[in-house]
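Listed here are the chains, written in short residue letters.
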Amino acid sequence: MTTPAAGSDPAIQKTVRMGWLLLAIALPLGVTLEALHGFKVQAYLASETRREMWRLAHAHGTLLGILCLVSALLAEAHIAEAIRPRVLAWVRWGAVLMPLGFFLGGVLNSEGDPSLGIVLVPVGAVLLVVALVRVAVAPRAR
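What comes next concerns the included structure. Everything quoted here is computed from the prediction, not taken from an experiment.

Calculation rules
- Residues numbered from 1 in each chain as written.
- Predicted model: local features only at pLDDT ≥ 70, side-chain atom pairs only at ≥ 80, totals over all residues.
- Heavy atoms only, no water.
- 1 Å grid on protein atoms, 1.4 Å probe; cavity = no way out; pocket = protein on both sides within 12 Å on 5 of 7 lines; lining within 4 Å.
- Points joined across faces, edges and corners; volume = space filled by probe spheres on them.
- Helix = DSSP H or I, 4+ residues; strand = E, 2+ residues; numbered from the N terminus.
- Nonpolar A, V, L, I, M, F, W, Y, C, P; charged D, E, K, R; others polar.
- Axes fitted to C-alpha atoms, helices over the stretch in contact; angles between N-to-C directions.
- Parallel < 35°, antiparallel > 145°, perpendicular 65-115°, else oblique.
- Left-handed = near helix turned anticlockwise from the far one by under 90°.
- Buried < 20%, exposed > 50% of the residue type's maximum accessible area, 1.4 Å probe, protein only.

Remarks on the layout of surface pockets
Step number 1: Quantified by volume, the largest pocket comes out at close to 220 Å³.
Step number 2: Along its surface, the largest pocket is lined by Met-18, Leu-21, Leu-22, Ile-25, Ala-26, Leu-29, Ala-57, Gly-61, Val-96, Pro-99, Leu-100 and Phe-103.
Step number 3: Among the secondary structure elements, those contributing two or more residues to the lining of the largest pocket are α1 (10-38), α3 (48-78) and α4 (84-105).
Step number 4: Here the lining of the largest pocket takes six residues from α1, the largest share from any one element.
Step number 5: Per-class residue counts for the lining of the largest pocket are 11 nonpolar, one polar and no charged.
Step number 6: Forming the walls of the second largest pocket are 13 residues, and the residues nearest its centre are Ser-71, Leu-74, Ile-79, Leu-132 and Val-135.
Step number 7: Mapped onto the lining of the second largest pocket, the elements with two or more residues apiece are α3, α4 and α5 (120-137).
Step number 8: Broken down by element, the lining of the second largest pocket gets its largest block of residues, six residues, from α3.
Step number 9: In terms of residue class, the lining of the second largest pocket is built from 11 nonpolar, two polar and no charged.

Okay, here's the thing in structure tokens:
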């Protein structure tokens, strides 16, 4: 038995791969952060901003990886074929840019302020919102 995500639509296939890749990165990141905290690694514990940014990267990467998988699973039934490649590309880009922005925001940051990488977060958020609104207002897939 095949699922819609297992079909031949390249946009769906890319979105499935992206979902699994995000989960494969974000889940071990969370385990690593727990280990850094558990072993009281001072380089990690010294910066509250870094800890917050990296926790947000882990959480968003995990949830957006799941969003990619769900989007791919439902794409053929709920996203019109004419807009599907573009919408799924926006979902993929948004799902990558948000957690990447949070992660980079915790690298080389000064205490209290995330680094410049944080600018990727609102870019990713806008892409996700645009994709979701586009699907919501588009005619149903046939």
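Topic: the packing of α1 against α3
Step number 1: For the pair α1 and α3, interaxial distance at closest approach is 8 Å and the crossing angle is 155 degrees. The pairing of α1 with α3 is recorded here as roughly antiparallel in orientation. α1 and α3 meet at a crossing whose hand is left-handed.
Step number 2: Along the lines of polarity and charge, the residues of the contact of α1 with α3 split into 18 nonpolar, seven polar and two charged.

Overview of unusual backbone geometry
Trans is the common state for peptide bonds, and a negative phi is the common state for residues other than glycine.
Step number 1: Positive phi, close to 55 degrees, is recorded for Lys-40, a residue that is not glycine.
Step number 2: Position of Lys-40 relative to the elements: it lies in the loop between α1 and α2 (42-45).
Step number 3: Judged by relative accessible area, which is 52%, Lys-40 ranks as exposed.
Step number 4: Positioned with a positive phi, Leu-108 is a non-glycine residue whose angle comes to about 55 degrees.
Step number 5: By the secondary structure assignment, Leu-108 is in the loop between α4 and α5.
Step number 6: Residue classification places Leu-108 among the exposed residues on the basis of a relative accessible area of 78%.

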